[in-house]
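# Results of the structural survey
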Amino acid sequence: MSIWLDIAVQTPAHSQVGGLLSYRSPQALQAGQLVRVPLGQREVLGVVWAVRDAAPPDIPASAVRDVLGVLEGLPALDEAWRQLVQFSAQYYQRSLGEVALSALPPQLRDLSSVQLARRLKKQQPERTVHTTCGPELSAEQSAVLTQLAANTGPFLLFGSTGSGKTEVYLQAVERMLARDPQAQALLMVPEINLTPQLEQRVQARFGSDAVVSMHSGLTPAQRLKGWLAAHAGQARIVLGTRMAVFASMPNLQLIVVDEEHDPSYKQQEGARYSARDLAVYRARLHRAKVLLASATPSLESWHHSRPAVAGEPGGRYQRLLMPSRIGTGVLPKVRRVDMNKQPRRTVLSAPLLAALQARVERGEQCMLLLNRRGYAPVLHCADCGWKSACQHCSAFRVFHKIDRTLRCHHCGLTERVPRACPDCGNADIAPIGRGTEQLEEHLCELLAHVLRPDGTPVRIARIDADTTRPKGALESQLAQVHAGEVDILVGTQMIAKGHDFRRITLVAAVNPDTALFSSDFRAPERLFALLMQAAGRAGRDASQSASSEMWVQTFHPTHALFEALKQHDYPAFAASELAERSAAELPPISHQALLRADARSQEAAQALLNAARQALEAQLAANPDTAELMLQVSIYPAVPMGMQRVADVERAQMLLESSSRMALQKVLWHLHGVLHQVRNRPEHKGVIRWLVDVDPQAI
Ligand code: ADP
Ligand code: ZN
Ligand code: ZN
């Protein structure tokens, strides 16, 4: 007597089998159990997806192989988890097996049953929670917690920087545990490395036993340990990045997505899921509450939480508000410097320099933001026009003065800076534009004479992807800032996010203009969020907040974005952006997906996309039921991607757009089938790969 099973195993991306294979087992198994099965010559990990009543009709019984063994001691993955995986695979157009297996800790695949048993034995059976008391809540915080308790959500918490959102998360968890000591909460953050304080805060509140972390910086052993604790229902709180949305948590009752607008919630390879969107979906599966929170919500979430107005129903999220900073803290005053009135080529305007000097002399800290690392983005020969282009990418190589290299930030190609122009021999090749490295150097020169209150010279430091490459470097550099060992911090957006720097009173955006005129329709939204975040770093200590300032150097001082920033008026900014999106029928009013092809030549990449489009249209037109979809979904011709060539691979994309998410999903489903046929035609041999990005973040 044996039973028939459909089992999810890791199969190649886009595989037609959908990642479920048929197996047989002599012993009874249930859906969600983890098993080892043979696949070709290998033995692989699988998840039992369904138990069949009879042998699968489409394969001879003799071809069905036996399950090799069960991972003993592990409870089955619950139905909600399986539904989450199934939905993600379908929605993001990947195979079920790929999504299921990549949602599990990698070590599970490699450990033998003996090794696993040893690991399980080492897990602490009881993880204790020691809740220490938080501060007394502000009126706004209390009101939010009351609404959280009284309604079902999903919730969008729109709270200023420093309004005490984190405290709301902690007390929501506390109340959940008071109600049900076995409950579990998932706390998601964009990047854990950037906010080590949050981890400490959660551990301090609930005890380190109660909390496990999940992010890509952990060793495989740490990941497995945390995963097992969550899966067994022992860990009360999982704190993690986007991958944590797939953590197995049988008693999940609360999900928090902090800084929900952050682009890093979108996975950029494999299944390109949005962890924020999946969090909302998952909450429904578990009947858990989900709280998205931000000082600058994504326009998607803002739109979904719109209140009902005469005749028009509201969105399905409930909006909660915390407009005030904790204590007497106020938001910094925003000052715009009109760069048109500054001498040409000014990097740091005279008034900004004077303000920096005054702050340093008073012993306060300042932060300068420039979203470009390296010394200069391009080297240039004025004689012949040579520029430091990368041979392999459609991008310039960036000049890094510290080791005198030209580095491509896309493919990594690194070379010594040539002594003379490679084309004409001119010895006088010069940098154009500036990055953080140059800004730091420039600042050191301009402020060399400035002294701190104790008579010692000003201390300037830089934090960006270059300075933080060594493991632990970021943490130690941040610690220096917190300890007050830095007066002026220069950096990329890395320093704008989430840090609770207590002594910073002035933040300046040195050159934010490029994002105003980007071809990416989301660029203004990103810029606004970044500047509001950056402003939120200033004056976090209430005693100094009254004199805190956010400076913006710009050639477009009257731009609506800066007007809204000056008023700290996210709703005004969002309203005007949404009006534009609505007029242009862009997300969140419409829904998009991108089909992308990579090939050796741009023609080959575009040819695949256009052929797929033709085949798709033919297939849809052939059936009256599907012909209607063509009216609902616009499919645009293939075009080169913004970054057209990376590491000698040409990239093209095709946009699909619809006001109906459902119609778009149906078309993508057809497209998926069509692509397999088209891809196999001999004329598309030059194509390296294709992929689908649903709800893309950049187009
Ligand atoms: P946000 O996440 O909204 O930026 P935080 O939760 O980090 O804000 O709160 C900002 C600061 O205010 C933190 O130092 C926090 O400890 C403190 N804080 C938060 N809530 C309270 C409260 N109710 N009473 C006193 N201090 C608070
Ligand atoms: Zn030259
Ligand atoms: Zn390159």
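Higher on the page you've got the structure.
So, here is what we can say about the structure in this document. (Residues numbered from 1 in each chain as written. Chains lettered and ligands numbered in written order. Predicted model: local features only at pLDDT ≥ 70, side-chain atom pairs only at ≥ 80, totals over all residues. Heavy atoms only, no water.)

### Brief notes about the overall build of the chain
Counting its regular elements, the chain contains 21 helices and 29 strands. Scaling as 2.2 N^0.38, a compact globule of 699 residues should have a C-alpha radius of gyration of about 27 Å, and the chain matches this with 27 Å. If one aligns the C-alpha atoms of the chain with their principal axes, the spans along those axes are about 85 × 65 × 60 Å. Relative to its full complement of 699 residues, the chain shows a buried share of 55%. (Helix = DSSP H or I, 4+ residues; strand = E, 2+ residues; numbered from the N terminus. Rg over C-alpha atoms; globule rule 2.2 N^0.38 Å. Buried < 20%, exposed > 50% of the residue type's maximum accessible area, 1.4 Å probe, protein only.)

### Quick notes on the coordination of the zinc ion (ligand 3)
The expected angle between donors at a tetrahedral four-coordinate metal is 109.5 degrees. At an octahedral six-coordinate metal it is 90 or 180 degrees. Here the zinc ion (ligand 3) is held by Cys390 (SG), Cys393 (SG), Cys408 (SG) and Cys411 (SG), and the distances to it run 2.3 to 2.4 Å. Its four donor atoms give the zinc ion (ligand 3) angles of 106 to 113° at the centre, a pattern that matches the tetrahedral case. Look at where the donors of the zinc ion (ligand 3) fall in the sequence and you get C-x2-C-x14-C-x2-C. With a gap of 15 residues between them, cysteine 393 in the loop between strand 16 (378–381) and strand 17 (398–400) and cysteine 408 in the loop between strand 18 (405–407) and strand 19 (414–416) connect regions that are remote in the sequence. The pair formed by cysteine 393 and cysteine 408 is uniform in burial state, with each residue classed as buried. (Donors = N, O, S within 2.8 Å, 3.2 Å for Na, K, Ca; no water. Tetrahedral: all angles 85-135°; square planar, octahedral: opposite > 155°, others 65-115°.)

### What to know about the sheet that holds strand 24 (residues 549–554)
Within the open sheet, the six strands sit side by side as 14-24-23-15-22-21. Their pairing is parallel. Taken across any chain shown, the strands that pair with only one partner, and hence form the sheet edges, are strand 14 (333–338) and strand 21 (460–463). When strand polarity is set aside, the average angle formed by the axes of neighbouring strands in this sheet is 20°. Here strand 15 (residues 365–369) pairs with strand 23 (residues 504–509) via five bridges, running parallel. Bridged to leucine 368 within strand 23 is alanine 508. Across the sheet, helix 11 (residues 350–361) lies against strand 15, strand 22 (488–491), strand 23 and strand 24, angled at about 160° from strand 23, the strand it touches most. The sheet strands contacting helix 13 (residues 473–482) are strand 15, strand 21 and strand 22, and the helix crosses strand 21 at an angle near 145°. (Pairing = 2+ DSSP bridges. Axes fitted to C-alpha atoms, helices over the stretch in contact; angles between N-to-C directions. Contact = heavy atoms within 4.5 Å.)

### A closer look at the coordination of the zinc ion (ligand 2)
On the protein side, the zinc ion (ligand 2) has Cys381 (SG), Cys384 (SG), Cys421 (SG) and Cys424 (SG) as donor atoms, found 2.2 to 2.3 Å from it. Counting the intervening residues between successive donors of the zinc ion (ligand 2) yields the motif C-x2-C-x36-C-x2-C. By relative accessible area, which is 37% here, cysteine 424 ends up partly exposed.

### Quick look at the site of ligand 1
Residues in contact with ligand 1 amount to 18 residues; listed here are only the nearest, Glu136, Gln141, Gly162, Lys165 and Thr166. Between glutamine 141 and ligand 1, the recorded distance is 2.8 Å, taken from a side-chain N or O atom to a nitrogen atom. In the complex, the protein chains occlude 76% of the 550 Å² of accessible area that ligand 1 would expose alone. The biggest single contributor to the shell around ligand 1 is helix 6 (residues 165–179), with three residues. (Near = heavy atom within 4 Å. Polar contact = N/O pair within 3.5 Å; in protein donor to acceptor, adjacent residues only side chain to side chain. Areas by Shrake-Rupley, 256 points an atom, 1.4 Å probe, with all protein chains shown as cover.)

### Regarding the packing of aromatic side chains
All chains considered together, the criterion is met by eleven aromatic pairs. Taking 4.8 Å as the distance between ring centres and 80° as the angle between the ring planes, the aromatic pair formed by tyrosine 91 and tyrosine 92 counts as edge-to-face. Owing to a relative accessible area of 2%, tyrosine 92 belongs among the buried residues under this scheme. Relative to tyrosine 570, the ring of tryptophan 302 has its centre 4.9 Å away and its plane inclined at 90°; by these criteria the two rings are edge-to-face. Highlighted residues: tryptophan 302 in helix 10 (residues 299–304) and tyrosine 570 in helix 17 (residues 570–583), separated in sequence by 268 residues. Judged by relative accessible area, tyrosine 570 falls into the buried class, the value being 2%. Here the aromatic residues Phe158, Trp302, Phe528, Tyr570 and Phe573 are joined through ring pairs into a cluster of three or more. (Phe/Tyr/Trp six-rings, centres within 6.5 Å; stacked < 30°, edge-to-face > 60°.)

### What to know about the side chain of glutamine 653
With respect to the helices, strands and loops of the structure, glutamine 653 is situated in strand 28 (residues 649–658). Of the residues examined, glutamine 653 reaches a relative accessible area of 10% and is grouped as buried.

### Concerning the pattern of salt bridges
Per the counting criterion, the structure on display carries 34 salt bridges. Among the ionic pairs, aspartate 66 bridges to arginine 24, the shortest N-O distance being 3.5 Å. Of the two residues, aspartate 66 sits in strand 5 (residues 65–66) while arginine 24 sits in strand 2 (residues 20–25), which places them 42 residues apart along the sequence. What makes aspartate 66 partly exposed here is its relative accessible area of 38%. Of the charged contacts in the structure, one is a salt bridge between glutamate 364 and arginine 362, with a shortest N-O distance of 3.0 Å. Each member of the salt-bridge network shares a partner with another, and the members are Arg335, Arg359, Arg362, Glu364 and Glu549. (Salt bridge = Lys/Arg side-chain N within 4 Å of Asp/Glu carboxyl O.)

### Observations concerning the nonpolar core
Ranked by internal contacts, the top residues of the largest apolar core, which has 127 residues, are Leu34, Leu104, Leu108, Leu595 and Leu656. Take this core: its biggest share by element is nine residues, from helix 18 (residues 602–621). Residues within four places of leucine 34 in sequence aside, it is in contact with Leu45, Gly46, Val47, Val70, Leu71, Leu74, Leu77, Leu104, Leu108 and Trp227. Listed in part, the 31 residues of the second largest apolar core include Leu157, Leu187, Leu198 and Leu254. (Core = buried A, V, L, I, M, F, W, Y, C linked by side-chain atoms within 4.5 Å.)

### So, the side chain of arginine 82
Within the secondary structure layout, arginine 82 lies in helix 1 (residues 79–91). Of the side chains with opposite charge, glutamate 79 comes closest to the buried, unpaired arginine 82, at an N-O distance of 4.4 Å. Looking at arginine 82, its side chain comes within polar contact range of the main-chain oxygen of leucine 77, at 2.8 Å. (Lys, Arg positive; Asp, Glu negative; His and termini not counted.)

### Focus on the packing of helix 14 (residues 523–536) against helix 17
Put simply, helix 14 and helix 17 touch, their axes get as near as 11 Å, and they point 175° apart. What the angle tells us is that helix 14 and helix 17 run roughly antiparallel. For the pair helix 14 and helix 17, the contacting residues are Pro524, Glu525, Phe528 and Met532 in the first and Tyr570, Phe573, Glu577 and Arg581 in the second. Each residue belonging to the contact of helix 14 with helix 17 can be placed in one class, and the counts come to five nonpolar, no polar and three charged. (Parallel < 35°, antiparallel > 145°, perpendicular 65-115°, else oblique. Nonpolar A, V, L, I, M, F, W, Y, C, P; charged D, E, K, R; others polar.)

### Some thoughts on the pairing of strand 2
As defined by bridge partners, strand 1 (residues 3–9) adjoins strand 2 across six bridges and the pair is classed as antiparallel. Of the residues in strand 2, the one forming a bridge with tryptophan 4 is arginine 24. Where strand 2 and strand 5 come together, two bridges link them in parallel fashion. Within strand 5, the position partnered with tyrosine 23 by the bridge is arginine 65.

Keep in mind that these numbers describe shape and distance, not what the molecule does.
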